[in-house]
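The lines below spell out each chain.
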Amino acid sequence: MQHCFWRRILVFCAVFFLAGSIWATHPPYAHAYDNPELLPDTPTPVVDLAKSLTSAQEENLVKKLEQFEAETGWKLRVLTQYDRTPGLAVKNFWKLDDKSVLLVADASGGNILNFNVGDAVYKLLPRTFWVELQTRFGNLYFVREEGEDGAIIQALESIETCLRQGGCRVVPGLPKEQWILTLISSIIGGIVCGFAAQPRRDGQVIAWQWALIFSPLWGILFIAFGIGPVVSRTSDWLPLVRNIAGFLIGVLVAYLSNFFNRSSASEM
């Protein structure tokens, strides 16, 4: 018992000194998060400190954001940074309010996109929208293929589209990777339904009772995870038809597997 007591004391001391060393070596927040001298003298909706955009892209984006604000009243702002940040100074520089969205692109972390969203915007675009927007366009794989400029521009286009149409619960568009997941889910749901519907007694064609019993499982896989993400993100009928076909193929393969097993067993 005494040995365990001293071991706990040593662990506590080690954790205490480790936390103290981290606190002591951490840079002061006041210098890191309030540097107004990094901001330009003239007003602009885009401050590209990290040089993530070309001069032509920045010029076009400035015109587009100014036009969007004049037409809709929503204020979209873009800040790119890497090792230095103006921090809290951007709030006064841009006069951010409840109808403002600040996109911060910082390549020093894992996901480059962060959003500061006004309360009025949250009424149209919920928190789940911003989480999906960040994970879709800000992840390292997307940035590696499309570049930081592509991530910034496409994220802004999604925000503009949703604000123009009065709000979105999900990010518009269906990436190929997400569609593949919905297709896999649809096929698995069909397999579950097909196995459940296999006849279990002589003279029975389809076991409807078992299919209904397992309907919560294959229904969630097919409808919630296979069809729902498609119809809520795109009006294109092709992914929907492919998912339905995948579900039916899964049902057919699973249902007929029982007959194939019986025929092979009878031949033996």
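In short, a report on the structure. Numbering of residues starts from 1 in every chain and runs along the sequence as written. Since the coordinates come from a predicted model, pLDDT governs what is reported: local features require at least 70, and pairs of side-chain atoms require 80 or more to be given and counted, while whole-chain, interface and lining totals use all residues. With hydrogens and water stripped out, all remaining heavy atoms of the structure feed into the side-chain values.

What about the overall build of the protein chain?
By the criteria applied, helices consist of DSSP H or I runs no shorter than four residues and strands consist of E runs no shorter than two, each listed in order from the N terminus. Looking only at helices and strands, the protein chain features 11 helices and 4 strands. Note on exposure labels: buried denotes an accessible area under 20% of the residue type's maximum, exposed denotes more than 50%, and partly exposed covers the range between, all computed with a 1.4 Å probe on protein chains only. Across the 268 residues in the protein chain, those meeting the buried criterion constitute 37%. Taking the intrachain contacts of the protein chain between residues at least 6 apart in sequence as the baseline, contacts between residues at least 24 apart amount to 66%. Contact criterion: two residues are considered in contact whenever any of their non-hydrogen atoms come within 4.5 Å of each other.

Here we look at the packing of aromatic side chains
By convention, a stacked pair of Phe, Tyr or Trp rings (six-membered ring in the case of Trp) has centres within 6.5 Å and planes under 30 degrees apart, an edge-to-face pair has planes over 60 apart, and any other such pair is tilted. With the rule as written, the count across this model stands at 7 aromatic pairs. Arranged with centres 4.0 Å apart and planes meeting at 20°, the rings of Phe222 and Phe247 form a pair that is stacked. One end of the pair, Phe222, is in helix 10 (residues 215-231); the other, Phe247, is in helix 11 (residues 237-267), and 25 residues separate them in sequence. Taken together, Phe115, Phe129 and Trp130 form an aromatic cluster joined through their ring pairs. The ring of Trp74 carries the charged tip of Lys99 above its face, separated from the ring centre by 4.8 Å. The rule is short: NZ of Lys or CZ of Arg within 6 Å of the ring centre and within 35 degrees of the ring normal puts a charge over the ring. One residue, Arg127, lies across the ring of Tyr122, its end atom 4.5 Å from the ring centre.

Regarding the sheet that holds strand 4 (residues 113-117)
As summarised here, the arrangement of the 4 strands in space is 1-2-3-4, forming an open sheet in which the pairing is mixed. In this open sheet, the two strands that pair with only one neighbour each are strand 1 (46-48) and strand 4. On average, each strand axis in the sheet is inclined to that of its neighbour by 15°, with strand direction left out of account. Inspection of the sheet shows strand 3 (residues 100-106) paired to strand 4 by 5 bridges, in the antiparallel sense. Pairing between two strands requires that DSSP report at least two bridges joining them. Orientation is described by lines fitted to C-alpha atoms, with helices fitted over the stretch in contact, and by angles between N-to-C directions that extend from 0 to 180 degrees.

Remarks on the nonpolar core
Buried together is how nonpolar side chains tend to be arranged in soluble globular proteins. The term nonpolar core refers to a set of buried residues drawn from Ala, Val, Leu, Ile, Met, Phe, Trp, Tyr and Cys, joined through side-chain atoms within 4.5 Å. Ranked by internal contacts, the top residues of the largest apolar core, which has 32 residues, are Leu125, Phe129, Trp130 and Ile159. Counting only elements with at least two residues in this core, the list comes to helix 3 (55-72), strand 2 (75-81), strand 3, strand 4, helix 6 (127-137) and helix 7 (140-164). Per-element accounting of this core gives the leading share, 9 residues, to helix 7. Those residues in contact with Phe129 that lie beyond four places of it in its chain are Ser158, Ile159, Cys162, Cys168, Arg169, Val170, Val171 and Pro172. Formed by 8 residues, the second largest nonpolar core is a distinct cluster that contains Val47, Leu79, Leu102 and Val104.

Here we look at unusual backbone geometry
One non-glycine residue, Lys51, lies in the positive phi region at around 55°. By secondary structure assignment, the location of Lys51 is in the loop between strand 1 and helix 3. The phi angle at Lys95 is positive, at roughly 50°, despite the residue not being glycine. The topology assignment puts Lys95 in the loop between helix 4 (89-94) and strand 3.

Quick word on a nonpolar patch on the surface
Patches draw on residues past 30% relative accessible area with no salt bridge. Two like charges within 9 Å are joined, as are two nonpolar side chains (Val, Leu, Ile, Met, Phe, Trp, Tyr) within 5 Å. For accessible areas, the Shrake-Rupley method is used with a probe of radius 1.4 Å. Any residue's cover is judged against the shown protein chains and nothing else. For this document, the term salt bridge refers to a Lys or Arg side-chain nitrogen within 4 Å of an Asp or Glu carboxyl oxygen. A surface patch of nonpolar side chains, about 350 Å² in accessible area, is lined by Ile180, Leu181, Ile184 and Ile188. The topology assignment puts Ile180 in helix 8 (residues 176-196).

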